[in-house]
Structures are given as structure tokens and as C-alpha cells.
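# Structural features, examined
Read off the chains here:
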Amino acid sequence: MTLQRQVLIWTLCFVALIAVLWLLSPILLPFLAGLVLAYFLDPVADWLQKLGLSRLAATIMIVVVALVVLVAALVIVGPMLGTQISKFAGELPALIQSLSDRFNLLAPQWMKDLVARSGADIQGSISQFAGRAADWILGLLKTILSGGMALVNLISLLVVTPIVTFYMLIDWDRMIETIDGWVPREHVETVRSLGREINEAMAGFIRGQGSVCLALGVFYAVTLSLAGLNFGMAIGILAGALTFIPYAGAMIGGVLAIGVALVQFWPDFASILLVAGIFGVGQFLEGNFLSPKLVGQSIGLHPVWLMFALFAFGYAFGFVGLLLAVPLAAAAGVLTRFALRKYLSSRLYLGAETVTRKADASG
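Quick summary incoming for the structure in this document. Bear in mind that the values here come from a model prediction, so they are computed numbers and not experimental data.

## Structural notes on the overall build of the protein chain
Across its full length, the protein chain carries 13 helices and zero strands. If you list the helices and strands of the protein chain from N to C, you get α-α-α-α-α-α-α-α-α-α-α-α-α. The proportion of buried residues among the 363 residues of the protein chain is 31%. If you sum the accessible surface of the protein chain, you get close to 22,300 Å²; carbon and sulfur atoms cover 72% of it.

Written out as C-alpha cells, the structure is:
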């Protein structure tokens, strides 16, 4: 089979895969969530096996513990979080107005003149944006709480996802062996090498960065709440969840937390600095302890490529796309580097004489 035909076949397979994902995206969420959780928890199952448990017993223990933690979080944290988000959405325009008043009161004159000369109605634009954001958040909450399809999706997540996770954990190693048996023997070592590279990139992000997001979300939520910040739990969880996008968690969470602190605590500079210090400590822990230990030096995904994949797949497929973005971005990155290595050693790049000379020298 010629190279052009191989490229055509694999391109058609990729297009067909994207089309299937797009058509089935409304029902894929619980299955993909179960698959991601199984991949995330597979090392735990392997560790329990090494301690002497069977694969079935290890899987049952993991799923039961995960369900207990999830139910406890929904019962204890869920109502508080929902109340804070709803209240924050309702008070967002007033918060923006208070910050604008603080700016008019405290900003140096040259900055006010600069804004005035620009001719931009910054205060009006911000107020309008705040109103729209509040309406969107409240609308989203109403959809989550009262929408029939949202209720079906929630039930499917709570019922189908644990079942998928259970069976994926039990059969994970067997599935890998089966897929390995399908690979043409002529290319099996190359495919295994590419698979290991993809697994390292995916593990570094899904397992490592996922653990970092969880740790930082708990840290920010607890410390901001203890600091007495209004909506501290909601802001902390949001900052932790957005940590998987490079720099987004600390930037968005820090801006929200400090903005709320300026309105709530002014002129108590100690409390405002405490809130800012919490994010400084969080970034120190992430950069010096969490990421080096849990993620490693490199996950093989450039931050720009990662952000593009997250936004592109999120826009195309919603939350399902966010679950697909990292695995597909990791696979695309590994395959692209492999194709580039092949190109740099090919006749097309080196020229016929160079390839022939190298072949004669090796022979």
C-alpha cells in the first residue's frame, strides 16, 4: 500500500471518528467520564493488587470508596456551593459597581485622565457585562436544577458512570492486551513505543494535573472560607478546577477573590493581603511541590496547543469535548513528532544521494 493511500485511509478514519463523536455527543458523557475515571484510578487498582487483593476486590473497594466520597460531597458541599454561586450571581453587578466606585475614589488622576481621554465607557461596559454574566449564571443554575434533560444527565452520571468505571477497571489490562494483539506484527514495536509516549503524556495530565486541580481546589476553598471571604468556597473550587488550563486558575480565581475582598474588607488591608497571600501560597505549592511530584517535568503538551485543544473541543462538543481534548491532543502531539522524525530521515528531506550514502555506510 502506497504512503498516499495510507494517509487517505487514516484521514478518512479520523473524519469518521469526529463525525461519530459529534452525532453521539449528547449520550457520551457518562461513558467518557467512566473511562477517564478508570484510567485515573487504574494505578490504584494495580497497587491494591500488589498488596494481595484480587482485581475484582480492588475494583469494588475503589468504586465503593469513590461513591461514598461523591455522595458525601454532594450532600455536604453541594447545597452550600449552589447557594454561594446563586448569591454571587445576584450580587455580581453590585460588586462591580463597588469596585468602580473604589477606582474613582482611589485611582491617581493621571489614570482617570487616561480613561477619560480614551472615550471608552468602561464603567458602563463592565456593568453591562456583569449583568449579562449574572443572568447567564442564574440561567445555568435554573437549567441544572429544573431542566428535564439535565436531570437525566445527572442521573446517568451517578448511575452509568460508576458501572462503566467498574467494568473498565476490571478489564483494563485485558483490553490493552487485546488491542496489542490486533496490531500488525511488523509494526508492533513502533506502535507500542508510540502508545507508551501517548500514555506518558496522558498520565501526566489526567492523573497528575487532575490531582493538582483537586488539591488546589480543596486548599483554596478551605483557606478562603477560613479567611472569611464571601463566596470563598465557590471561588476556591473554580480556581482549582481551572488549574488544568495553564495560568487560568490562579489568574481568574485571584482576580475574583481579590475583587470580592476589596469590596468586603476595605479598608482592612490585612484581610485583603491575606486573600492575595493565599493565592501566592497556592502558586508556590503548585510550582514547587504539587506539579513536580504529581505531573513531572513535562507532559509532552505545549501549553498553547493544550489551550487550543481544550477550547476547540469544548466549543464543538461541550463538556464531552473537554474530556476528549487532552487524550486526543496527547495522541496528536506524539503522532506529529513521530511523523516529523520520519520526515527528517526520509528521502524527501535528505535527498536521494544522502539516503543512498547512509544506506551504503550502514551496509
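## What about the packing of helix α6 (residues 188-226) against helix α7 (residues 232-241)?
Two elements in contact, α6 and α7, have axes separated by 7 Å at closest approach and are oriented at 160°. By the angle between their axes, α6 is roughly antiparallel relative to α7. Handedness of the crossing formed by α6 with α7: right-handed. Counting all contacts with α6, which are made through C213, L216, G217, Y220, A221, L224 and S225, the residues of α7 involved are G232, M233, I235, G236, I237, A239, G240 and A241.

## Observations regarding the layout of surface pockets
Leftover empty space is mapped by rolling, across the atoms, a probe with the size of a water molecule. Roughly 2,800 Å³ of volume is contained in the second largest pocket. Looking at the second largest pocket, it is lined by 50 residues, and the ones nearest its centre are W10, V191, I198, A331 and L335. Sort the elements by how many residues they give to the lining of the second largest pocket and helix α1 (residues 3-50) lands first, with 16 residues. Among the residues making up the lining of the second largest pocket, the classes are represented as 38 nonpolar, six polar and six charged.

## Digging into the pattern of salt bridges
For the structure on display, the rule yields seven salt bridges. We note a salt bridge from R174 to D171, for which the minimum N-O separation is 3.1 Å. In this pair, R174 and D171 are both assigned in helix α5 (residues 148-182), three residues apart and thus about one turn of the helix distant. Under the relative-accessibility criterion, R174 is labelled exposed at 52%. Taking the shortest distance from any N to any O, the salt bridge between R192 and D180 comes out at 2.8 Å. Within this pair, whereas R192 is found in helix α6, its partner D180 is found in helix α5, the two being separated by 12 residues in sequence. For R192, a relative accessible area of 30% corresponds to the partly exposed category. Through salt bridges with shared partners, one network takes in D42, D46, R55 and D173.

Cut-offs used in this document
- Residues numbered from 1 in each chain as written.
- Predicted model: local features only at pLDDT ≥ 70, side-chain atom pairs only at ≥ 80, totals over all residues.
- Heavy atoms only, no water.
- Helix = DSSP H or I, 4+ residues; strand = E, 2+ residues; numbered from the N terminus.
- Buried < 20%, exposed > 50% of the residue type's maximum accessible area, 1.4 Å probe, protein only.
- Areas by Shrake-Rupley, 256 points an atom, 1.4 Å probe, with all protein chains shown as cover.
- Axes fitted to C-alpha atoms, helices over the stretch in contact; angles between N-to-C directions.
- Parallel < 35°, antiparallel > 145°, perpendicular 65-115°, else oblique.
- Left-handed = near helix turned anticlockwise from the far one by under 90°.
- Contact = heavy atoms within 4.5 Å.
- 1 Å grid on protein atoms, 1.4 Å probe; cavity = no way out; pocket = protein on both sides within 12 Å on 5 of 7 lines; lining within 4 Å.
- Points joined across faces, edges and corners; volume = space filled by probe spheres on them.
- Nonpolar A, V, L, I, M, F, W, Y, C, P; charged D, E, K, R; others polar.
- Salt bridge = Lys/Arg side-chain N within 4 Å of Asp/Glu carboxyl O.

The values are spatial; any link to function lies outside them.
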